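For reference, the chains in residue letters:
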Amino acid sequence: MERIEKFLTEKQQSYSLRTLKPADRRSDGKIYFGTSEFWDFSSNDYLSLSGHPKLIQAGQKAAEQFGSGAAASRLLSGDLTLHHQLEQKTAALKGKEDALLFNSGYQANLGIISSLFSKSDVVFSDKLSHASIIDGITLSGAKHFRFRHNDPDHLETLLKKSRTKFRDCLIITETVFSMDGDIAPLEELVRLKEKYNCILMVDEAHATGIFGHDGSGMVSQLQLAQKVDLIMGTFGKAMGSFGAYVACSKQIKQFLVNTSRSFIYSTALPPAVIAANIATIDLLAEEPFRRKQLLQNAEFFRNELTKRGFDILGSSQIVPLMVNTSEKAVAMSNRLKENGFWALPIRPPTVPQGQSRLRFSLNYDHNPEVLQSLIEEIERAFNV
Ligand SMILES: *Cc1c(COP(=O)(O)O)cnc(C)c1O
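Just so we're clear, the structure is a prediction, and the values are computed from it rather than from any experiment.

K.L.:
Would you mind going over the sheet that holds strand S13 (residues 345-346) with me for this structure?
P.N.:
The pairing of strands in a sheet happens through backbone hydrogen bonds and is either parallel or antiparallel. Taken in spatial order, the three strands make up an open sheet running S11-S14-S13, and their pairing is antiparallel. Strand pairing shows two members of the sheet lacking a second neighbour, strand S11 (318-324) and S13, which therefore form its edges. In this structure, S11 lies alongside strand S14 (residues 356-361), joined through six bridges in antiparallel fashion. For Val 319, the partnering residue across the bridge sits in S14 and is Phe 360.

Structure (structure tokens):
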């Protein structure tokens, strides 16, 4: 079709064509393509848990014992005691009454938001919210307002103007932002949710495993679990496996089990994945040195880049380096690749025009020597 060819040509010409590139393997903070290897700064496996022998063994054992697949959705015959064990452990980690599993974070956001809210309701989301949050809101049919990134004053202005015109109200944000690496002003959001009688939902995809006691997340680090109604997160990032959850009240869980289409109409997560997720929660408590080391690495990296005058964002393990044009972001990324560092450019439409960046996802295995040589390469690549 002509429009498809046109689309692809335009993407190519604006340095924004996305392509797949299969790796041969990944491990210990590195990624391997044929005979080339790179330090991997694009993965969300922040703690290097996806290669941890305890997770792998837990998955193997469960596959042997319970089979490779779950056979059906949980409301048919796909529901195992394993799923309930993981839900209990997740609820305990997050400090909520209960939890419900979803097959991925994308499906969780889609299914949670669209089943709890509809066109009589209103949703206020942070402007930088993940695509899955936006898609969930669109699917719900609720009226949607976006507040300026991490700006509770702007949120309050919008709430004042519109809250009373609608039945129920949802405020939604990420706790650690995937593209900017910064942290939501949760205390302020809790205050506004209470003042304007709203429900507060947060997405802890990039916070779980890293922040909070035993890696319980940013909400729990700030001791706000009782005040945040819906705490969503994933097992696919720092947790080293796959799948997602929402921690919430028993009542909301029961409602979601009965209404959430991405939960009802999808085959349950396989036993190996569930068992790995159970093991990962135990591991977070057993190996706190991983998250401590990761956050130290990130602080070192941010401090060194700031000292050298770079424009960086964030205050977490995600460190975006602003380079403004897509063309420069692509050129820098290519140059870093030539020198053994895998850091991909983030371009529009993922981020606004003029805010292209290189996004560095740090990893437990990226020790200060690795980071030091990366910083030197960044300086060279930036000044070309
Ligand atoms: C990755 C991510 C998701 C989606 O989770 P998956 O399990 O990968 O589908 C949702 N929200 C945020 C903020 C994410 O970064």
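Moving on from the coordinates now.
K.L.:
Explanation requested: empty space enclosed by the protein in the structure shown.
P.N.:
A water-sized probe, rolled over the atoms, reveals where empty space remains. Taken as a whole, this structure holds two cavities of 30 Å³ or more when the rule is applied. Contributing to the lining of the largest cavity are Arg 74, His 83, Leu 101, Phe 102, Asn 103, Ser 262, Phe 263, Ser 266, Thr 267, Ala 268 and Leu 269. Secondary structure elements with two or more residues in the lining of the largest cavity: strand S4 (98-102) and helix H11 (261-264). Within the lining of the largest cavity, the residues separate by chemical class into five nonpolar, five polar and one charged. Each pocket or cavity is described by its volume, and for the second largest cavity that value is around 30 Å³. Lining of the second largest cavity is provided by Leu 47, Leu 49, Gly 209, Leu 283, Leu 284, Glu 287, Arg 290 and Arg 291. Looking at the lining of the second largest cavity, the elements that each hand over two or more residues are helix H12 (271-286) and helix H13 (288-307). Its residues assigned to classes, the lining of the second largest cavity shows four nonpolar, one polar and three charged.

K.L.:
Just checking my understanding: could you explain the pairing of strand S7 (residues 169-174) for this structure?
P.N.:
In summary, the side chains of a regular strand alternate between the two faces of the sheet. Counting buried positions along S7 yields six of six residues, so the element is predominantly enclosed. Here S7 shows two buried faces, one formed by Cys 169, Ile 171 and Thr 173 and the other by Leu 170, Ile 172 and Glu 174. With five bridges joining them, S7 and strand S8 (residues 199-203) adopt parallel strand pairing. Bridge pairing in S8 places Leu 170 opposite Ile 199. With respect to chirality, the unit in which S7 leads through helix H8 (residues 186-195) into the neighbouring parallel S8 is right-handed.

K.L.:
So what exactly am I meant to see when it comes to a nonpolar patch on the surface here?
P.N.:
Nonpolar side chains collect at one region of the surface, where Met 1, Ile 4, Phe 7 and Leu 8 lie side by side and expose about 430 Å² of accessible area between them. Looking at the secondary structure, you find Leu 8 in helix H1 (residues 2-13). A relative accessible area of 41% places Leu 8 in the partly exposed class.

K.L.:
I tried to follow the state of the cysteines on my own but got confused; where do I start?
P.N.:
Covalently bonding the sulfur atom of one cysteine to the sulfur atom of another cysteine gives a disulfide. Using the criterion set out here, one finds one disulfide in the structure. Through a disulfide, Cys 169 is tied to Cys 198; the S-S separation comes to 2.3 Å. For the disulfide bridge between Cys 169 and Cys 198, the dihedral angle about the S-S bond is near 80°, and by the sign convention the bridge is right-handed. Remark: Cys 198 occurs in the loop between H8 and S8 and Cys 169 occurs in strand S7; sequence separation between them is 29 residues. You can call Cys 169 buried: its relative accessible area is 2%. Overall, Cys 198 belongs to the buried group, its relative accessible area being 7%. Take Cys 248: it sits in no disulfide, and the sulfur closest to it among the cysteines is that of Cys 169, at 18 Å. Among the residues examined, Cys 248 registers a relative accessible area of 0% and is labelled buried.

K.L.:
When you look at the environment of Lys 227 in this model, what are you seeing that I'm missing?
P.N.:
Mapped onto the fold, Lys 227 is located in the loop between helix H9 (218-221) and strand S9 (230-234). It is 37 Å that separates the C-alpha atoms of Lys 227 and Asn 367, two residues lying 140 residues apart in sequence.

K.L.:
Would you explain the side chain of Thr 90 in this entry?
P.N.:
Checked against the element boundaries, Thr 90 lands in helix H4 (residues 81-94). Residue classification places Thr 90 among the buried positions, given a relative accessible area of 1%. Contacts of Thr 90, omitting those with residues within four sequence positions, involve Ala 99, Phe 235, Tyr 245 and Ile 281.

K.L.:
What exactly am I supposed to notice about the site of the ligand here?
P.N.:
Taken together, 13 residues sit near the ligand, with Gly 105, Tyr 106, Asp 203, His 206 and Lys 237 positioned nearest. Between the ligand and Tyr 106, the relevant distance is 2.9 Å, taken from an oxygen atom to a main-chain nitrogen or oxygen of the residue. In this structure, Asp 203 approaches the ligand through a side-chain N or O atom, which is 2.6 Å from a nitrogen atom. About the coverage of the ligand: the protein hides 84% of its 380 Å² of free accessible area.

Definitions and cut-offs
- Residues numbered from 1 in each chain as written.
- Predicted model: local features only at pLDDT ≥ 70, side-chain atom pairs only at ≥ 80, totals over all residues.
- Heavy atoms only, no water.
- Pairing = 2+ DSSP bridges.
- Helix = DSSP H or I, 4+ residues; strand = E, 2+ residues; numbered from the N terminus.
- 1 Å grid on protein atoms, 1.4 Å probe; cavity = no way out; pocket = protein on both sides within 12 Å on 5 of 7 lines; lining within 4 Å.
- Points joined across faces, edges and corners; volume = space filled by probe spheres on them.
- Nonpolar A, V, L, I, M, F, W, Y, C, P; charged D, E, K, R; others polar.
- Buried < 20%, exposed > 50% of the residue type's maximum accessible area, 1.4 Å probe, protein only.
- Right-handed = clockwise from strand over helix to strand, strands pointing away.
- Patch = residues over 30% accessible without salt bridge, like charges linked within 9 Å, V, L, I, M, F, W, Y side chains within 5 Å.
- Areas by Shrake-Rupley, 256 points an atom, 1.4 Å probe, with all protein chains shown as cover.
- Salt bridge = Lys/Arg side-chain N within 4 Å of Asp/Glu carboxyl O.
- Disulfide = S-S within 2.5 Å.
- Contact = heavy atoms within 4.5 Å.
- Near = heavy atom within 4 Å.
- Polar contact = N/O pair within 3.5 Å; in protein donor to acceptor, adjacent residues only side chain to side chain.

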